[in-house]
Amino acid sequence: MRQHIGWIAGTAAAVLVAAGAITYSVAEDGGGAKTPAADSADAGFARDMAVHHQQAVEMSYVVRDRTKDEEVRRLAYDIAQTQANQRGMLLGWLDLWELPKVSADAPMTWMGMGDMASGEDGALMPGMATNSEMKKLETLSGKPAEVFYLQLMTAHHKGGIHMAEGCVDKCSVGVEKRLAQGMVEGQQSEIDLMKDMLAERGAKPRP
């Protein structure tokens, strides 16, 4: 147990150091560059991905309370910590740029997808779980909770990758583009892991 707690503490410390380093890098990156506009891809990605990440954090904390499986609990903890940290960076950059954290524009307008039909039942962007799915997750426990979480998070990551690839293509702030590329790589790795974890439980990702 002490070793496990030490590992968590070490991970948390590393996350804080990384957050500080990347925030500093943004300030350096933007030092001689023009601050992104409120309707820019940089600002739009920061706003939308902050919302997208928040749901992943919520799902992960829900499943940690609904299963005793250490593999799933460890994955959920890693996802929650990583995405909460990244969300803090995204919102911090909006503060740094003195831009609003909300917009009247439809989600993903910065990607040229603002006319996309808004998701039903609270699913604001591709991959996001609906309100009904979130409520269902809270009613499950054990293996059913693990399978449902892994399926929801796989879809969530696929939607997140789509947005992150959009930032890699359209964002202008170098450090934000690098963070987005890191999201693509990290979340694809987790999708591969979750596919294996679902197979171990006799299940598959949802179509």
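Residues numbered from 1 in each chain as written. Predicted model: local features only at pLDDT ≥ 70, side-chain atom pairs only at ≥ 80, totals over all residues. Heavy atoms only, no water.

A. Structural context of the overall build of the protein. Across its full length, the protein holds six helices and zero strands. Listed N to C, the secondary structure of the protein is α-α-α-α-α-α in terms of helices and strands. When the 207 residues of the protein are sorted by exposure, 43% land in the buried category. Pairs at least 24 apart in sequence give 77% of the contacts found in the protein among residues at least 6 apart. Carbon and sulfur atoms make up 54% of the accessible area of the protein, which totals about 10,600 Å². (Helix = DSSP H or I, 4+ residues; strand = E, 2+ residues; numbered from the N terminus. Buried < 20%, exposed > 50% of the residue type's maximum accessible area, 1.4 Å probe, protein only. Contact = heavy atoms within 4.5 Å. Areas by Shrake-Rupley, 256 points an atom, 1.4 Å probe, with all protein chains shown as cover.)

B. Region of the structure containing the packing of aromatic side chains. Within this structure, the stated rule accounts for two aromatic pairs. Seen from the ring of Phe 148, Lys 136 lies directly overhead, with NZ or CZ sitting 4.6 Å from the centre. (Phe/Tyr/Trp six-rings, centres within 6.5 Å; stacked < 30°, edge-to-face > 60°. Lys NZ or Arg CZ within 6 Å of the ring centre and 35° of its normal.)

C. Structural context of helix H2 (residues 41–64). Here H2 contains 24 residues, and its C-alpha end-to-end distance of 34 Å stays within 8% of the 34 Å for a straight helix at 1.5 Å per residue. Counting buried positions over the 24 residues of H2 gives 20, a clear majority of the element. (Expected span 1.5 Å × (residues − 1).)

D. Region of the structure containing the packing of H2 against helix H4 (residues 131–139). Packing of H2 against H4 brings their axes to within 10 Å, and their N-to-C directions diverge by 20°. The pairing of H2 with H4 is recorded here as roughly parallel in orientation. Between H2 and H4 lies a crossing of left-handed hand. Every residue of H4 that contacts H2 at Gln 55, Glu 58, Met 59 and Val 62 is listed here: Met 134, Leu 137 and Glu 138. (Axes fitted to C-alpha atoms, helices over the stretch in contact; angles between N-to-C directions. Parallel < 35°, antiparallel > 145°, perpendicular 65-115°, else oblique. Left-handed = near helix turned anticlockwise from the far one by under 90°.)

E. Examining the side chain of Glu 176 more closely. The topology assignment puts Glu 176 in helix H6 (residues 174–200). No salt bridge is formed by the buried Glu 176. Its closest oppositely charged neighbour is Lys 177, at 9.1 Å. Setting aside anything within four residues of it in sequence, one finds Glu 176 in contact with Asp 42, Phe 45, Ala 46, Leu 90, Trp 93, Trp 97, Cys 167 and Cys 171. (Lys, Arg positive; Asp, Glu negative; His and termini not counted. Salt bridge = Lys/Arg side-chain N within 4 Å of Asp/Glu carboxyl O.)

F. Focus on the side chain of His 53. Residue placement: His 53 occurs in helix H2. For His 53, the side chain forms a polar contact with the side chain of Gln 86, separated by 2.8 Å. When sequence neighbours within four positions are dropped, the list of residues in contact with His 53 reads Gln 83, Gln 86, Arg 87, Met 183 and Gln 187. (Polar contact = N/O pair within 3.5 Å; in protein donor to acceptor, adjacent residues only side chain to side chain.)

G. Just the packing of helix H3 (residues 70–96) against helix H5 (residues 142–170), in detail. Where H3 meets H5, the axes come as close as 12 Å, and the angle between the chain directions of the two elements is 35°. Like other packed secondary-structure pairs, H3 and H5 cross with a definite hand, here left-handed. Counting all contacts with H3, which are made through Val 72, Leu 75, Ala 76, Ile 79 and Gln 83, the residues of H5 involved are Glu 146, Tyr 149, Leu 150, Met 153 and His 157. Residues that form the contact of H3 with H5 fall into these classes: seven nonpolar, two polar and one charged. (Nonpolar A, V, L, I, M, F, W, Y, C, P; charged D, E, K, R; others polar.)

H. Spotlight on the pattern of salt bridges. Tallied over the full model, the rule gives seven salt bridges. Between Arg 201 and Asp 69 there is a salt bridge, with the nearest N and O atoms lying 3.2 Å from each other. In this pair, Arg 201 sits in the segment after H6 while Asp 69 sits in the loop between H2 and H3, placing the two residues 132 residues apart along the sequence. Close ionic contact of Glu 200 with Arg 201 constitutes a salt bridge, the shortest N to O distance being 3.7 Å. The exposure class of Glu 200 is exposed, given its relative accessible area of 57%. Here the residues in one salt-bridge network are Asp 69, Glu 71, Glu 146, Glu 200 and Arg 201, joined through shared partners.

I. Region of interest: the state of the cysteines. Enumeration over the complete set of coordinates arrives at one disulfide. The side chain of Cys 167 participates in a disulfide bridge whose partner is Cys 171; the two sulfur atoms lie 2.3 Å from each other. Sign of the S-S torsion, about -120° for the bond between Cys 167 and Cys 171, identifies this disulfide as left-handed. For the pair shown, Cys 167 and Cys 171 are each scored as buried. (Disulfide = S-S within 2.5 Å.)

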